[in-house]
Structure formats: structure tokens, C-alpha cells
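Listed below are the residues making up each chain.
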Amino acid sequence: MNQAANASQPTSSRFRRRKGWPATGVRIPIYRFGTESLMDNGFSEGPSYIPEEDQSMLDLLLLAQWEDRMWKGLFRYDVTTSEIKLIGGRRKFLAQLNEQWNKDYLTEPDNNKVCYQGDPFICNWMKHHEELLFCAASGEKADPELIPAAAVPHGAIFVILNASPVEYGHVFVVPGGFNSLHAFLDARSLELVMRFAVEINNSSFRLFYECSTPSASHIYFQACYFPNPLPVELMPVVTFFSEGQGGVQICGVTDYPIKAFMFTSNGNLKVLVQLLAEICYCLREKNISYNLLISDSSKKIFLFPLLQCTLSAWECGGYFLFKSRCDFDHSTEEAMLKCLGAVSLDDEGFQVVKQLCCRVASQLAS
Amino acid sequence: MDTQLGLIEQSFNVRYSVWVREALDDLSGSFTTTDPCISGHPIVYASRGFLKMSLYSRDEVIGKNGRMFQGPKTNRKSVMEIREAIREERAIQINILNYRKDGTPFWMLFRMSPVFNKEDGRVIHFVGVQVPILQKHRQSSSGFGRNGVNLCEDGVFASRRREVCSDSVAELARFLAMDSVLGSDDRELEVDEPSEASDLEMRNAVTAINNTLSVLTHYSELTGRLVCGKRCCLSGMGLLGSSLNISLGRIKQSFVLIEPHLPDMPIVYARDVFLKMTGYARHEVLGHNCRFLGGVETNSSTIFQIKESIRTEQACTIRILNYRKDKSKFWNFLHISPVRNASGKIAYFVEVQIDESRKNQDKQGLSHKMRQCSVVGAVKAAVRSLSMVTDTSNS
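Just so it is clear, the structure is predicted and the values come from calculations on it, not from any experiment.

Novice: Please provide a residue-by-residue account of the overall build of chain B, values included.
Specialist: In terms of regular secondary structure, chain B is built from 14 helices and 12 strands. Here chain B, with 395 residues, has 55% of them falling under the buried criterion. A separation of at least 24 residues holds for 57% of the contacts in chain B among residues at least 6 apart in sequence. Carbon and sulfur atoms make up 53% of the accessible area of chain B, which amounts to about 17,800 Å² in all.

In C-alpha cells form, the structure reads like this:
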């Protein structure tokens, strides 16, 4: 039943080895964003060419390519065979039993830089080029367009499957392409990725960013479809900044073990992107680790400032994976609270970040 | 769109007879009925009171999703809460800011209740009641000076116009510009403040829901397809929840879901496109085994392949000769795949059909294979939410 059992090597090494992103000679599906700018004209209703009721072309493409690779056996396991449950208690934490999950790529130090320091094209990914599902890039037509097979355009987003998925549709979303050596999150990358989430237009689709790998040669996001809202998304919030341009609001998430922020915008996505990129830059300057969760088609962004980056972004959101049946069966809300609480900033640290957020937001508004 | 409107007509008439609209029209108050089983969870009925309050005509509202009344100042959290209630198929009461056709915002008390099929406990409709909250009841520190002023009489707001259905770039830009100008007006701020409903308004909402439910229940007796306001039976066969129905409704291609744990493996869900492709009505399909698609010339070894695929719980792709209701034949490029729920167990098999004679339908240039994979992927992602267990043993 598990057609994916024949994968050869662990994801971690394969993914890191290909940080340089060679892309000549390969023809893959390219999704071209429409030129109707979501950025300048507000997106509270979504782009006009994607009615919320219908599946968007981008959503369809991602699911089709993922399922196709499932069928071809490129995953280490079928993630839909794993069990999920709600952990009893007020926070509604989610737990998944996944005995085959390989967390290594999240914690291993990134010591493999041979790839782009030498010839980027030795990265050997042609051998596994099917792991690259498709690219998304800006386009020239009003409506988005799908080109079934084309060379990778400059500045595209690479969508690569994660062979150790934590949920259906788990992919790496790598902005910028091969020429970008940014090791930190910049506004351009964030804008592309948030636009990606807008155009996918599926409320179960969530994007994650972890700043945990300062030595990584390339920034990347991860994304997957979570059928249920993550616990943090259901928590009450208190708005403390709402005078921003573009209807930007900054809220504090209450009653949650990690002190976190929620950013929303009813109007201008570009302003939200600028704000977030600037805040992330400041956090980096101050050596404060953080994770990001982009949900609800980029309408809600959660920022988790962290003492240390030992948790993945979905864990910060309240979704936990267990490799053993025993741990899974004995998981409790108290244990999860403790685990999350251990990485959260204290009140003082949170106030510092809060003031930082307000300052950046006020500066942008003026 | 015609088929959609047809489905909406059906949604109401089949269940409550053609006379129910007249009876509902006689009820006072503002209320709507929505059908979560139709793609997009559209409004299938809107009362006179609702139309008067929202300033829309009936044609502009029927077939649309309730979100068309939301606007930039509508609290997203409230919207989320309503979405959650729909997902969990339960009643909800909440204060929410909505917008009329002319763009004027107004606070209302929204109360929504599911309507169940008496026989199998399935949610067939949601009834939503909208009671406008008068400004004098609003908890506003500065509001006393304008006691009793209804927002719709307030000229300031009437100057805003908002086209939800055709928001062209120019219109949106103008609208946003307006927004920022009005943002400096102190009256605008009141729209941001949450509004409290009075006891009277709450009582009105309850009465309106009860009146509507009682009309629907009464008229469902005429057709023999009984409904009720409380879920009275959960024994039903392979029921799909409203939220799953809504997720599946986003998929625009032909597919059916088969429940493998029931005798004779009946179809428990059929997409509209499937009905159109085969010429059958939904009730002729639900609860039946797929074999009705076969005919004299259908290859028995292909049928065996399908059975094997289900028995061994493996996905498979085949070409099979099928028959429509009118006995005409078509080659069905069929893909079958198991679909698992939150516990990792197989909940359904999805069968994705592509009528091979209609090759050039796809304007996006996607291959048959890709289309099929996308349906399977979307169904798998959606069904993963089913049968989630809450573990309370440790808390």
C-alpha cells in the first residue's frame, strides 16, 4: 500500500546538496502569476480571477504534481496513513503519530556548501529532477497562466517536494532561484511567497518559515495542507496597533504558551510584506530567533519570537509529530504547554519585540 | 450558471415543495437559507425583510455566498467563528458588521442554525437570521449624542459604494481612497467598535429562527422528506459533513466517493459534473453501486480490475466503456484511489472520471492525468480532517 517505500537517501542531504539550484536544460511546469496586482489594490476579496468557491489553478497544479509523485513513489511514506488526534484540553493541540518521519533536515548543521561554491551544476539534482514539482514566476498576462513545460525563468519560486512530509502536499518553497545567496528573509522573497499563498487560495494551505538555520546557504519556506486550523489560529487576540496604512493590524495572541504576534491586513499586501520584512530584519540584528506561519491565504501571519529555535514552525502553531506510539498515546496538553513555554520569550523580551513592531509600523505609516 | 440555479431551485423545492417560498415570504424579519451541499455554499432563499435591509434584489443574492455582505471592516475573527460553526454543523450567534448594496456598513446580530435531514441526520441547509442592531444599544462611550440614529439614515456612510461582485481595479482604488478619507471621521470609528445586541434583539433572533424552522419542518412533511432543527439520528450511511462538502465543492471536475465499508459499496458523494456527464439525478446515484454505469459492451476484465484495485487498496487507472442514463456510450478514463481520514484508515475510494470524447474542454492545457491527480490530491487533503479523535484520557 505504501508505494513510497523505495526512496533511496534521506531528504536532508539531498536538499542541502542542491542549494545552488542549477536550472539549465530542465523543462518543468511554470506557473505565471497574473499581472493584476494583489499588492496595490487590496486583497480582502482575493484576486478577481480566483473566486473563493473555485479551486485555483495554482492549488490544482500543486496538488496534481504532488499526487503524481506520490503515485511514482518519490516519498518515503504515505503521510495520509498516519494517525492524527486532538489532544484533550482548552488549546486543542494536534498530535500526529508518524513513525517514519525524519526530522533531521531541520536540526542538522548545514555544512554542505560545496554545491554553490563549486560548480552549481554538479549538484546532481537532474538525477532526482522529479522532486522539483514546478516553478512560479511573475508573468506578463492579466490572468495567471500555466506553461506545461518551459525552462526555469529568472527569479522564480521553486516548489520541491519534501520526501518526509508532515502532511499532505508538504513542499519546500524556495524563492529567488539560483542566483540569490540571501541567507536571510528579504522583502522580495517574502512578497513572492505571500503572493503564492494568495493565489493558491486554499484556506487549508499554510506556509512556514524558520530562521533556525543561520548557516543555510539559501532561505526556504515549507508548506502543506492542514485540514484543521492550527491551534494558535483559534486563540483570541488583542489588537495593539491598527493605525497603519493598508489596514495593517498587529495583535498579540493571548492564552497561548508561546508569546506570539498576529499580523493582518484588510487592504494592501505590499505594506504588510514591508512591515514583516523590516521586523524580521530587526529581529535578526538583535539576534532574536523567530518562526513565521502564513495562513488564510496570506491574510494572517503569525510571528513567534523565540528564545531558541528548537521547534519547527508547525510545532509553534500547536501541531506535534510523534515517532513512537507510546509518546503519541501519552501526549498531554500539559506536556505541550511546557514544551512551547520553554522556547517563548518572557514578558520583558516580548515587550521589547512589541515595541519594535510598533516602532517599525509607525515609521512605515508616516 | 444555469445548472447552479437549477440545483438551487431543486435544493428547496424537492425538500419543502414549491409552496414553501410563499410561506416564507409571509414571515417578517430578515433571514436567509443556504445549502452547504451545493458548490460554494450558496444562499438558496432570502426573505423580503433581508432584501429590504440589504438593498439587494433577490436575483443578486440567490446563488451567492454569504460573504458578499462582508467588507473591509468586518471582523475576520467573527467570520472565522461562523466558518467554524458551519464546519462543526452547530448553531451560532454573533455580532457582525455587514455591508448593504450601497456600501453602508451596519451592525447586526447574526444567528444561524443547521437544518437536519430527519432520516439520516445530515445537514441539508443552514438558516441564518439577521437582526440589525440599533445604534442606541451600542456600547459606545461617545454614542449618546446620537441616540437612535440608524446608520442607514446617516448620510456619511451612504457616500460609499462598494461593488463586491465586480470589483474592478479602478473601483477598488476609489473605494480605498474613500476609506482613508473617511477614516479620519470619528463616526467611522464607531464601525470599528464591537456592538452589543439588546435582549429584545436577541429574542427577535430566536423567534425568527424558530418561525423559519417551523415553516421548513411543516413543508417538509408535504414532500415526505422530513427535516428538523435538532439532529435526531446519526445512524445514517457514510455521511459527509458540511465542511467536507464545502471543500469538495471547490473541485470542478467529475468524481464520486465510494464508501467501502457499507454493503455493496455505494456512492456517497457525487459531483455536479458527474451528474451532467452521466445524465443521472443526484438521488438516482447516491446510495447505489457504480455498476449502473456499465452495460452490455463493458469489458468484464476491466470491471474485475476495479474490484481488485478496491480489494487490494491500490490506486489504478483504466479505460472503461460506460453508459449514460439515456443509454448512449462513452469511454471513461477512470482513476480510482483510496482516501484516508485522520486516523489513517481508508474512509472512501475516489473515482475520477474523464469523458474521453470531450477532449478539448480544458482551456488551461492540463493533461487528463494531471487533472485526475489534482482531484485525488484535493480529496485526500480534504478527507484528512474526517474522524479526528479527541483524546481526553490524559486531561
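We are not done yet, so read on.
Novice: Would you mind going over unusual backbone geometry in detail, with residue names and values included?
Specialist: One non-glycine residue, Ser298 of chain A, adopts positive backbone phi at about 70°. By relative accessible area, Ser298 of chain A is classed as buried at 0%.

Novice: How would you explain the domain arrangement of chain B if you had to name every residue and give the values?
Specialist: All names here are of chain B. Along its sequence, chain B is carved into domain 1 (2-228) and domain 2 (242-394). With 10 residues of domain 1 at the contact, the number on the domain 2 side is nine residues. When the two sides are added together, the surface that domain 1 and domain 2 hide from each other amounts to roughly 880 Å², 51% of it contributed by carbon and sulfur. Scanning the region where domain 1 abuts domain 2 turns up zero salt bridges. Taken together, the links from domain 1 to domain 2 amount to two residue pairs in polar contact (both at pLDDT 80 or more). At the level of secondary structure, the elements contributing two or more residues to the side of domain 1 that touches domain 2 comprise helix H5 (76-87) and strand E5 (123-132). Here the residues of the side of domain 1 that touches domain 2 are counted per class, giving six nonpolar, two polar and two charged.

Novice: Mind laying out the interface of chain A and chain B, listing which residues take part and the relevant values?
Specialist: The interface is formed by 61 residues belonging to chain A together with 58 residues belonging to chain B. The contact between chain A and chain B buries some 4,800 Å² in all, and 54% of this surface belongs to carbon and sulfur atoms. Inspection of the region where chain A meets chain B yields five salt bridges. The shortest N-O distance in the salt bridge between Lys380 of chain B and Glu67 of chain A comes to 3.1 Å. If you look at where chain A meets chain B, you find eight residue pairs in polar contact (both at pLDDT 80 or more). Every element with two or more residues in the side of chain A that touches chain B is listed here: helix H2 (57-71), strand E2 (83-87), strand E3 (94-97) and strand E5 (145-151) of chain A. When residues of the side of chain A that touches chain B are assigned to their parent elements, the largest contribution, 11 residues, is made by H2 of chain A.

Novice: Lay out helix H6 (residues 269-285) of chain A with the relevant residues and their values.
Specialist: Residue and element names in this part refer to chain A. Between its terminal C-alpha atoms H6 stretches 24 Å, which fits the 24 Å expected from 17 residues at 1.5 Å a residue. What H6 keeps buried is the set Leu269, Val271, Leu272, Val273, Leu275, Leu276, Ala277, Ile279, Cys280, Cys282 and Leu283. On its buried side, H6 packs onto helix H5 (187-200), strand E11 (248-253), strand E12 (260-265), strand E13 (289-295), strand E14 (300-306) and helix H10 (347-365).

Novice: If you had to explain the packing of H2 of chain A against helix H14 (residues 368-383) of chain B to someone new, which residues and values would you point to?
Specialist: Between H2 of chain A and H14 of chain B, whose axes approach to 7 Å, the crossing angle comes to 95°. By the angle between their directions, the pair H2 of chain A and H14 of chain B is classed as roughly perpendicular. Listed contacts from H14 of chain B to Leu60, Leu61, Leu63, Ala64, Gln65, Glu67, Asp68, Met70 and Trp71 of chain A of H2 of chain A are Lys369, Met370, Arg371, Cys373, Ser374, Val376, Gly377, Ala378 and Lys380 of chain B. Considering only residue class, the contact of H2 of chain A with H14 of chain B consists of 10 nonpolar, three polar and five charged.

Novice: Go over the sheet that holds strand E12 (residues 389-391) of chain B with me, naming the residues and quoting the values.
Specialist: Strand order in the open sheet made by the four strands is E15(A)-E3(A)-E2(A)-E12(B), with mixed pairing throughout. Sheet topology places strand E15 (319-322) of chain A together with E12 of chain B at the edges, where each strand pairs with a single neighbour. The mean angle between the axes of side-by-side strands here comes to 35°, regardless of whether they run parallel or antiparallel. Inspection of the sheet shows E2 of chain A paired to E12 of chain B by three bridges, in the parallel sense. Within E12 of chain B, the position partnered with Lys85 of chain A by the bridge is Val389 of chain B. With respect to the sheet, helix H9 (residues 333-341) of chain A is in contact with E2 and E15 of chain A, its orientation differing from that of E15 of chain A by roughly 105°.

Novice: Tell me about the sheet that holds E14 of chain A, residues and numbers included.
Specialist: Residue and element names in this part refer to chain A. If you trace the 12 strands from one edge of the open sheet to the other, you get E5-E1-E4-E6-E7-E9-E8-E13-E14-E12-E11-E10, paired in mixed fashion. One side of each edge strand has no neighbouring strand; the edge strands of this open sheet are E5 and strand E10 (237-241). When strand polarity is set aside, the average angle formed by the axes of neighbouring strands in this sheet is 25°. In this sheet, E14 lies alongside E12 in antiparallel orientation, the contact comprising four bridges. Paired with Thr264 across the two strands is Lys300, which belongs to E14.

Novice: Before we move on, can you summarise the side chain of Arg69 of chain A with the specific residues and values?
Specialist: By secondary structure assignment, the location of Arg69 of chain A is in helix H2. Contact partners of Arg69 of chain A, with chain neighbours within four places excluded, come to Leu74, Phe75, Glu130, Leu132, Leu133 and Leu161 of chain A.

Novice: Would you mind going over the packing of aromatic side chains in detail, with residue names and values included?
Specialist: Here the structure, examined in full by the defined rule, presents 24 aromatic pairs over all chains. Ring centres 5.6 Å apart and planes at 80° place the aromatic pair Phe172 of chain A and Tyr220 of chain A in the edge-to-face group. Within this pair, whereas Phe172 of chain A is found in strand E7 (residues 171-174), its partner Tyr220 of chain A is found in the loop between strand E8 (205-210) and strand E9 (221-225), the two being separated by 48 residues in sequence. Per residue, the accessibility class of Phe172 of chain A equals that of Tyr220 of chain A, and both read buried. Pairing Phe226 of chain A with Tyr319 of chain A gives two aromatic rings, centres 4.4 Å apart and planes at 55°, and the pair type is tilted. In this pair, Phe226 of chain A is assigned in the loop between E9 and E10 and Tyr319 of chain A in strand E15, connecting sequence segments 93 residues apart. Judged by its relative accessible area of 1%, Phe226 of chain A is buried. Taking relative accessible area as the criterion, Tyr319 of chain A reaches 2% and is therefore assigned buried. Through pairs of rings, three or more aromatic residues link up here, namely Phe134, Phe196, Phe205 and Tyr225 of chain A. The residue whose ring lies beneath Arg319 of chain B is Trp331 of chain B, and the NZ or CZ to ring-centre distance is 4.3 Å.

Novice: Go over the confidence of the model for chain B, please, and point to the residues and values.
Specialist: All names here are of chain B. Predicted confidence across chain B gives a mean pLDDT of 78, with 79% of residues reaching 70 or more. Across residues 137-189, where pLDDT falls below 50, the model places 84 contacts with residues more than four positions away in sequence or in other chains. The low-confidence segment residues 233-238 (pLDDT under 50) makes 13 contacts with residues lying over four places distant or belonging to another chain.

Novice: Residues and numbers for the environment of Arg271 of chain B, please.
Specialist: Residues and elements named next belong to chain B. Among the secondary structure elements, Arg271 is positioned in the loop between strand E8 (267-270) and helix H11 (272-278). Along the chain, Arg271 and Arg250 lie 21 residues apart, while their C-alpha atoms are 10.0 Å from each other. Here the side chain of Arg271 touches Gly249 through a polar contact of 3.2 Å, landing on its backbone oxygen.

Conventions and cut-offs
Residues numbered from 1 in each chain as written. Chains lettered and ligands numbered in written order. Predicted model: local features only at pLDDT ≥ 70, side-chain atom pairs only at ≥ 80, totals over all residues. Heavy atoms only, no water. Helix = DSSP H or I, 4+ residues; strand = E, 2+ residues; numbered from the N terminus. Buried < 20%, exposed > 50% of the residue type's maximum accessible area, 1.4 Å probe, protein only. Contact = heavy atoms within 4.5 Å. Areas by Shrake-Rupley, 256 points an atom, 1.4 Å probe, with all protein chains shown as cover. Domains from an automatic or database assignment. Buried area = accessible area lost by both parts, 1.4 Å probe. Salt bridge = Lys/Arg side-chain N within 4 Å of Asp/Glu carboxyl O. Polar contact = N/O pair within 3.5 Å; in protein donor to acceptor, adjacent residues only side chain to side chain. Nonpolar A, V, L, I, M, F, W, Y, C, P; charged D, E, K, R; others polar. Expected span 1.5 Å × (residues − 1). Axes fitted to C-alpha atoms, helices over the stretch in contact; angles between N-to-C directions. Parallel < 35°, antiparallel > 145°, perpendicular 65-115°, else oblique. Pairing = 2+ DSSP bridges. Phe/Tyr/Trp six-rings, centres within 6.5 Å; stacked < 30°, edge-to-face > 60°. Lys NZ or Arg CZ within 6 Å of the ring centre and 35° of its normal. pLDDT = per-residue confidence, 0-100.

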